[in-house]
Amino acid sequence: MARARGKKEEAKKTDVSALPVLSVPAWGRGTVIALLILVGVSATFNFTAINWGQPAGYSWNPDSVAGARTVRQLQYIFKPWTQKYPRFHFLILKIFYQPFIDHWEKNPVTGFDRQGRQVSTLFNTERFSTLVIVSRTISALMGVGAVVGLFFTARLFFGDWISAFFSGLALACSMLFVLYSHLANMDVPCAFWFAWSVYWAVKAVYIGKWRHFVLLGLFSALTVCTKDPAAGFVIGLGLAVWLAMIGVAKDAGQSFKRGLTCIFRLKVLAAVLVAGFVFALLNDLLTSPSAFFERMDFWFKVGAAGYNIGFSDHWTFLKRNFMSIYYSLGWPLLAAILVSAVYCIIRFRWKSAFGIVPVVVFYIVVIARVRLNIPRYYIPGYVCFMLLVGKGFAELLRWKKLPLAVRILPIAAVYLLSGLYCIGIDLEMINDSRYRAEKWLKTQVTPADTVIAMSQQAYAPRVQMLGCRSNFITARPKDEKLLQQIRPFATYLVLPEKEFGMSSAFAPQFLDRLLAGSYGYEEVERFSNKYLYPKKTVFGLAGWPVPRSKLVSPEIIILRRKD
């Protein structure tokens, strides 16, 4: 009897949820003010230039799901889903699109079909542009929501609003996070769901009520149902939860061996079951699993599709990914992440798992397998990074062995330079080189001229709005034969950087000869970025010496026919 009672007591000790580990901090004036400042800063960065490239009816970002791309998928929302991205975010967009569509169905506009006949139509350029702005607004708000979620997590995790404020501010001042908060891609909405997954994970480990585990499962599933590769972050989060539970058990005086078994509980099973059910429901696994596996082919066969053609070896690939993060955040914030990570590993060994393990697992499970070095894939992982930065800066600020000025200076420098980096990308969007190219062309062209953009619409100025004949040529490679076909009527040629920067877009030596004037065209104007590197301004200082993305303010070359 006594022996059985002893085993029961021992089992009770293993139940981490029974241990009063964290107390929820009270809300004070400082906490509320800090949160309001974060919301203001994040909203300002995210909503500035929200109308970038509009009205056009399409996005200057080819991976955006805004506007027409979502409209085309609405009819399949409750049917077998084979679109590259999961259904869930399209479902959210449908909720906000539908009132506009219902109104427009009652008020069609007049347009022209391909034969030039006048017809009534539901959509035109202005209406598609409206939907693009709706999508971007949702993305920008979810970016703010991710910052708020991180604030709540850090406040609970570390027990003070200063760590929470620094964590949220670091995310709000992350350049690539700000950029993609404008663009209606899946990356920032995915970061939103993941930020709140981390919040519920912390609550599950350190408070441990049933609802915390259920909500952890729900938000983890919604993360993956927003973007499939986020499964790497979620798996890593699960491992971080396990490591944190081991830390809680060890802090309670239990052995490491007993700590290992703390994951095997009904509450954890509930989280897994909820995540599995929601994932299966939103991915057709309960109704048409073949559609799900057809969609997964994009990821399982991504290597065969030639996306990772630049891969050479894993060490070189790892360095390229590191430089992508360097560009995405800037060197001040990256340095803060590295120093804070080392400090937190030493000072908060088990808790630091939440800031490191999800990103490491994501790299191993997803990035290293598909071998794609795409900076925006890491955006959900910024939540983990900035959790550590917030705590590191809060500890530095409290370290009274150093003079106050010495403590404040590095913190202020990181946030100032990172904030200027975000202002720089916003200014580039406001003054995009394509706007300036359009403005210049409007002063030069006549109704009798024809302007040809040598790329798809997503990379070129809006030549269709110049008041003359225009077209976009997407054929590759572009060569002398193509030029001879268009030369009789092409008064101006517009060459965007995305196109002339790719060796496969032009036949060998053709581009050099074209720019040299060998084919009867002369360069008359060139537009490029104004604020970020390689232009050396204070707005891009944090990004030196990595060139800005060609997505915003690409270089635009304008050629005019000599005759």
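Conventions we followed
Residues numbered from 1 in each chain as written. Predicted model: local features only at pLDDT ≥ 70, side-chain atom pairs only at ≥ 80, totals over all residues. Heavy atoms only, no water. Core = buried A, V, L, I, M, F, W, Y, C linked by side-chain atoms within 4.5 Å. Buried < 20%, exposed > 50% of the residue type's maximum accessible area, 1.4 Å probe, protein only. Helix = DSSP H or I, 4+ residues; strand = E, 2+ residues; numbered from the N terminus. Contact = heavy atoms within 4.5 Å. pLDDT = per-residue confidence, 0-100. 1 Å grid on protein atoms, 1.4 Å probe; cavity = no way out; pocket = protein on both sides within 12 Å on 5 of 7 lines; lining within 4 Å. Points joined across faces, edges and corners; volume = space filled by probe spheres on them. Patch = residues over 30% accessible without salt bridge, like charges linked within 9 Å, V, L, I, M, F, W, Y side chains within 5 Å. Areas by Shrake-Rupley, 256 points an atom, 1.4 Å probe, with all protein chains shown as cover. Salt bridge = Lys/Arg side-chain N within 4 Å of Asp/Glu carboxyl O. Pairing = 2+ DSSP bridges. Axes fitted to C-alpha atoms, helices over the stretch in contact; angles between N-to-C directions.

## Side note on the nonpolar core
For step 1, the next point in the chain: Grouped together as the largest cluster of nonpolar side chains are 158 residues, with contacts concentrated most on F354, Y382 and M386.
For step 2, the next point in the chain: In terms of residue count, helix α8 (residues 187-206) provides more of this core than any other element does, 16 residues in total.
For step 3, the next point in the chain: Among residues more than four places away in sequence, those in contact with M386 are L150, S167, A170, L171, S174, L329, L333 and I337.
For step 4, the next point in the chain: Core analysis: the second largest hydrophobic core is formed by 20 residues, A490, F506, Y521 and I557 among them.

## Considering the confidence of the model for the protein
Segments scoring low in pLDDT should not have their predicted coordinates read at a detailed level.
For step 1, the next point in the chain: On average, the protein scores 89 in pLDDT, and the residues at 70 or more come to 93%.
For step 2, the next point in the chain: Contacts for the low-pLDDT stretch residues 16-20, under 50 throughout, to residues beyond four places or in other chains number 13 contacts.

## Digging into empty space enclosed by the protein
For step 1, the next point in the chain: A complete count under the given rule lists three cavities of 30 Å³ or more for this structure.
For step 2, the next point in the chain: Taken together, D187, C190, K227, P229, A230, F233, F362, R376, Y377 and P380 make up the lining of the largest cavity.

## Re a nonpolar patch on the surface
For step 1, the next point in the chain: Taken together, the side chains of W210, L266, L269 and L273 define a hydrophobic patch exposed on the protein surface, amounting to about 450 Å² of accessible area.
For step 2, the next point in the chain: Counting through the fold element by element, L269 comes out in helix α12 (residues 266-282).
For step 3, the next point in the chain: Since its relative accessible area comes to 43%, L269 is described here as partly exposed.

## Digging into the sheet that holds strand β6 (residues 521-527)
For step 1, the next point in the chain: Pairing within the open sheet is mixed, and its five strands lie in the order β4-β3-β5-β7-β6. Looking at the sheet topology across the chains shown, the edges are occupied by β4 (469-472) and β6. Strand-to-strand twist across the sheet, computed as the mean angle between neighbouring axes with direction ignored, equals 20°.
For step 2, the next point in the chain: Sheet analysis places strand β3 (residues 450-453) next to strand β5 (residues 492-496), joined by three bridges and oriented parallel. For A453, the partnering residue across the bridge sits in β5 and is V494.

## Brief notes about the pairing of β3
Note on strand geometry: in a regular strand, side chains alternate between the two faces of the sheet.
For step 1, the next point in the chain: Side chains T450 and I452 of β3 all project onto a buried face; the interleaved residues V451 and A453 project onto the opposite face, where all are buried too.
For step 2, the next point in the chain: As paired elements, β3 and β4 share four bridges and run parallel to each other. Counted as the bridge partner of A453 is F472 from β4.

## Considerations on the pattern of salt bridges
For step 1, the next point in the chain: Using the criterion set out here, one finds 13 salt bridges in the structure.
For step 2, the next point in the chain: Across the salt bridge formed by R376 and D63, the nearest N and O atoms sit 3.0 Å from each other. Here D63 lies in the loop between α2 (29-47) and α3 (68-73) and R376 lies in the loop between α16 (353-370) and α17 (382-398), a separation of 313 residues in the sequence.
For step 3, the next point in the chain: Classification of R376 as buried rests on a relative accessible area of 7%.
For step 4, the next point in the chain: Look at D63 and you get partly exposed, because its relative accessible area is 26%.
For step 5, the next point in the chain: Through salt bridges that share partners, D63, D187, K227 and R376 make up one connected network.

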